[in-house]
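The chain contents come next:
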Amino acid sequence: MTQVPQLRDGEVLLRAHAEADLDAVWEQCQDPEMQRFTTIPVPYARDQAAGFLDRVRAGWADDSTASWAIEVAGRFAGTVDLRFGEGWASVGYGLHPWARGRGVMTTAVGLALDWAFTERGVAGVRWEALVGNEPSRRVAKKCGFTMEGTARGMSVARGVRYDAWLGSLLAEEWRARAPSAG
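Cut-offs applied
- Residues numbered from 1 in each chain as written.
- Predicted model: local features only at pLDDT ≥ 70, side-chain atom pairs only at ≥ 80, totals over all residues.
- Heavy atoms only, no water.
- Pairing = 2+ DSSP bridges.
- Helix = DSSP H or I, 4+ residues; strand = E, 2+ residues; numbered from the N terminus.
- Axes fitted to C-alpha atoms, helices over the stretch in contact; angles between N-to-C directions.
- Contact = heavy atoms within 4.5 Å.
- Salt bridge = Lys/Arg side-chain N within 4 Å of Asp/Glu carboxyl O.
- Buried < 20%, exposed > 50% of the residue type's maximum accessible area, 1.4 Å probe, protein only.

**Q** Please explain the sheet that holds strand S6 (residues 124-130) as it appears in this structure.
**A** Sheet strands pair by backbone hydrogen bonding; their relative direction is either parallel or antiparallel. Reading across the sheet, the 8 strands line up as S1-S2-S3-S4-S5-S6-S8-S7 and stay open at both edges, with mixed pairing between neighbours. At either end of the open sheet lies a strand with only one pairing partner, and these are strand S1 (7-9) and strand S7 (146-157). On average, adjacent strands in this sheet sit at an angle of 25° to one another, irrespective of strand direction. Here strand S4 (residues 75-85) runs beside strand S5 (residues 88-95); their pairing, made up of 8 bridges, is antiparallel. Within S5, the residue paired with Asp 81 across the bridge is Gly 92. Of the strands in this sheet, S1, strand S2 (12-15), strand S3 (65-72), S4, S5, S6 and strand S8 (160-170) touch helix H4 (residues 104-120), which is tilted by about 35° from S4. With respect to the sheet, helix H5 (residues 134-142) is in contact with S5, S6, S7 and S8, its orientation differing from that of S6 by roughly 160°.

**Q** Mind showing me how you'd approach the pattern of salt bridges here?
**A** Should their charged atoms come close, side chains of opposite charge can pair. A full pass over the atoms with the stated rule returns 11 salt bridges. Across the salt bridge formed by Arg 57 and Glu 19, the nearest N and O atoms sit 3.0 Å from each other. Pair noted here: Arg 57 is in helix H3 (residues 46-62) and Glu 19 is in the loop between S2 and helix H1 (22-28), with a separation of 38 residues, a long-range link. Here Arg 83 and Asp 81 are joined by a salt bridge, their closest N and O atoms 2.2 Å apart. Under the relative-accessibility criterion, Arg 83 is labelled partly exposed at 37%. We classify Asp 81 as buried; its relative accessible area is 15%. Among the ionic contacts, a cluster of salt bridges with common partners joins Arg 15, Asp 21 and Glu 71.

This is the structure in structure tokens:
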């Protein structure tokens, strides 16, 4: 089993997903906003949550994806992941409804970005969200992503094409904004 690094900032802990997270993952995926702005299957069954946990472990094992469970106050709050390719990464994230509006995702994404730039040495990270997903866009902006624009018909969710917002963050931009820089 690949060792998943634990990352913490205040009350937000990024840790390995566990079998005990299965029901909370399933519950999160019942949320209408999660279904509206992500590519998860709808309806979303418990066996799909189990498959998700299997894919998370496989991503760490083959070094293609780094995916963390977000934990707050001892409770599963969501997921943040990085998918790697050619010196870059793509970030994805989703938060359980109970944890929204508290800055949890901005902190979690910041922890994952710092790990990607310092431990993995990626040159940059790409962000993408379906047009209209303002909460995701706010997180990306707070984390320093430059909004690149809209790609028409770029994202596919459940067989339907959607316009997507795109953003990017370069390693040197991240280092310039980090508290330890300078």
